[in-house]
Amino acid sequence: PAAYGFSASDHTGAVKTEAPSLLLGPGSIDKIAQGGVAIEHNWLPPDLVKSLRADAMDLFHAGQFQPDGLTNTARSKSEQGFTPKADRQTFRGGAGWSSDVGNAAARKEFADRMRSLRNELAAGLDRPTLEPEGTIKHEMTYNWYEPGAKLGRHLDEHHEETKGTKGWRYPTRRSVTWLVYLNDGWATNEGGALRCFPRSDIELSTSAQVGAHRGNLQVGWLNGKDPVFLDCFRPSGGSALYRLASAKSRGIELLSSADFDVPRQPIDFAQFMASQYRGSFQQISTSRLDPRFVSADGTTNAAVVVPPMIQESSTLDIVPAAGTLVLFDSVSLPHQVQPVTSNRQRIAATGWFHEDSQFVMES
């Protein structure tokens, strides 16, 4: 894309007019739709980066941030021991993005830019309910990491049926995760990289659209490339696992041996797969990989309080350099933040664009 996301210029300096309002470069929409990571360097103008960074620092010193680690949905936050030194801290725990504290004008300018981006994503991803505004439609915050802080591997959204008593509470769900980094001159050896776990380029190129199908959220992969969706509104009253018959087909292929009731955490969907599919099924979130899938009872899984920092061969590390925009599907892409090894703080504006949940879509 052109510098700072504006329209490109040809060698004469004349501005091209094909798509002057586009904020994303070629291929970014497809990357997100197929489960990859879209990275736009120098996306945010330096003056706005500087203003937001100064705002975040002022708000932090004014006590507007709170520790906000990965939440195990089976436990209360007070039981999980989040600390400012070890965990992420967020501004949303304080006054809020649209409040009049700090540099409200800079945050509004940024919010206006993100609204335009959201509208572009709504059209490009064919997720029309991304576009409207709403009280709980979209989340926007600052993240702050002290030296040594990190964030374990996780997904940003899960199927409502897997959340137990905390599921089906809200009319929207996280759809697209975004991050805009505010760290001036950040170097690789300062740590704090966003580590993503995308699939290979070949798997991305052969995949159907990920994340959700007809409101049914994805819970895994088959053969590393076919999204597996969970339908919990079957005529039987139970649930079923399925994949699309083909990337372009409207038909589905059932993968579970019979309709079933989704159990309490920890959840292992492989037990419900038909025998011929079980060996090639990979669940996105398990109690080993994501704290939201850890039990609250006295089992061994309940002891996994700190999510593991997973080392895998298929990884993508993104340096949190000033002005860089990162986007990915909130349901399908695992990620973590590597420990900050610098002697300064890692700062970013982050959030989620929401779309209507299945409950709203079917009401």
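Residues numbered from 1 in each chain as written. Predicted model: local features only at pLDDT ≥ 70, side-chain atom pairs only at ≥ 80, totals over all residues. Heavy atoms only, no water.

Trainee: Kindly report on the overall build of the protein chain, identifying the contributing residues and their values.
Mentor: When helices and strands are tallied, the protein chain shows six helices and 17 strands. When each of the 363 residues of the protein chain is scored for burial, the buried share is 53%. A separation threshold of at least 6 residues defines the contact pool for the protein chain, and within that pool the share at least 24 residues apart is 72%. Of the roughly 16,300 Å² of accessible surface on the protein chain, 52% is carried by carbon and sulfur atoms. (Helix = DSSP H or I, 4+ residues; strand = E, 2+ residues; numbered from the N terminus. Buried < 20%, exposed > 50% of the residue type's maximum accessible area, 1.4 Å probe, protein only. Contact = heavy atoms within 4.5 Å. Areas by Shrake-Rupley, 256 points an atom, 1.4 Å probe, with all protein chains shown as cover.)

Trainee: Give me the lowdown on the sheet that holds strand β3 (residues 89-90), citing residues and values where you can.
Mentor: Strands sit in the order β1-β15-β6-β17-β4-β3-β2 across an open sheet of seven strands; the sheet is antiparallel. Of all strands in the sheet, those with a lone pairing partner are β1 (38-40) and β2 (66-67), marking the two edges. Here β3 pairs with strand β4 (residues 138-145) via two bridges, running antiparallel. Bridge assignment links Gln89 to a residue of β4, and that residue is Trp144. (Pairing = 2+ DSSP bridges.)

Trainee: Requested: an account of the side chain of His213, with residues and values cited.
Mentor: With respect to the element layout, His213 can be found in strand β8 (residues 212-213). Residue class for His213 comes out buried when judged on its relative accessible area of 12%. Apart from residues no more than four positions distant in its own chain, His213 is found in contact with Phe229, Tyr242, Leu244 and Ile252.

Trainee: Give a description of the packing of aromatic side chains that names residues and reports values.
Mentor: Enumeration according to the criterion identifies 12 aromatic pairs in this entry. Taking 6.0 Å as the distance between ring centres and 40° as the angle between the ring planes, the aromatic pair formed by Phe65 and Phe91 counts as tilted. Residue Phe65 is found in the loop between α2 (46-61) and β2, and its partner Phe91 is found in the loop between β3 and α3 (104-124); the two are separated by 26 residues along the sequence. Assigned by exposure class, Phe65 and Phe91 land together as buried. The structure contains a cluster of three or more aromatic residues connected by ring pairs, namely Phe60, Phe65, Phe91, Trp97, Phe110, Tyr142, Trp144, Trp178 and Phe353. Note that Arg153 overlies the ring of Phe197, its terminal NZ or CZ placed 4.5 Å from the centroid. (Phe/Tyr/Trp six-rings, centres within 6.5 Å; stacked < 30°, edge-to-face > 60°. Lys NZ or Arg CZ within 6 Å of the ring centre and 35° of its normal.)

Trainee: I'd love a proper account of the pattern of salt bridges, names of residues and values included.
Mentor: Scanning all chains against the criterion turns up 18 salt bridges. In this structure, the salt-bridge partner of Lys163 is Glu157, at a minimum N-O distance of 2.7 Å. Each member of the pair, Lys163 as well as Glu157, carries the same accessibility label: buried. Each of Lys108, Asp112, Arg115, Arg118 and Glu133 takes part in salt bridges that share partners, so that together they form one network. (Salt bridge = Lys/Arg side-chain N within 4 Å of Asp/Glu carboxyl O.)

Trainee: Describe the side chain of His354, and please don't skip the residues or the numbers.
Mentor: Within the element layout of this structure, His354 appears in strand β17 (residues 346-356). Polar side-chain contacts of His354 include one of 2.8 Å to the side chain of Thr172. (Polar contact = N/O pair within 3.5 Å; in protein donor to acceptor, adjacent residues only side chain to side chain.)

Trainee: Summarise the sheet that holds strand β5 (residues 151-154); cite the residues concerned and give the values.
Mentor: Judged by pairing direction, the sheet is antiparallel, and its four strands sit side by side in the order β5-β16-β7-β14 without closing on themselves. The open sheet terminates on both sides in strands that have one partner only, identified here as β5 and β14 (316-318). Across the sheet, the mean angle separating the axes of adjacent strands is 15° when strand polarity is ignored. Sheet topology note: the strand β7 (residues 194-196)/β14 ladder contains three bridges and is antiparallel. When the bridges of β14 are listed, Cys196 appears paired with Leu316. (Axes fitted to C-alpha atoms, helices over the stretch in contact; angles between N-to-C directions.)

Trainee: I'd like a description of the environment of Met57, backed by residues and values.
Mentor: On the secondary structure map, Met57 appears in helix α2. Given the relative accessible area of 33%, Met57 is considered partly exposed. In this structure the C-alpha to C-alpha distance between Met57 and Gly102, which are 45 residues apart in sequence, comes to 9.6 Å. Ignoring anything within four residues of it in the chain, the contact list for Met57 reads Trp144 and Ile347.

Trainee: Describe the nonpolar core, naming the residues involved and giving the relevant values.
Mentor: Where a protein is soluble and globular, its nonpolar side chains tend to be buried together. Judged by nonpolar contacts, the single largest core of 38 residues is most densely connected at Leu44, Phe110, Leu117, Leu121, Tyr142, Trp178 and Leu327. Contributing elements (two or more residues each) for this core: α1 (28-33), α2, α3, β4, β6 (172-181), β15 (325-329) and β17. The element best represented in this core is α3, accounting for seven residues. Once you skip the residues sitting within four places of it in the chain, Leu117 turns out to touch Leu23, Leu24, Trp43, Leu325, Leu327 and Phe353. (Core = buried A, V, L, I, M, F, W, Y, C linked by side-chain atoms within 4.5 Å.)

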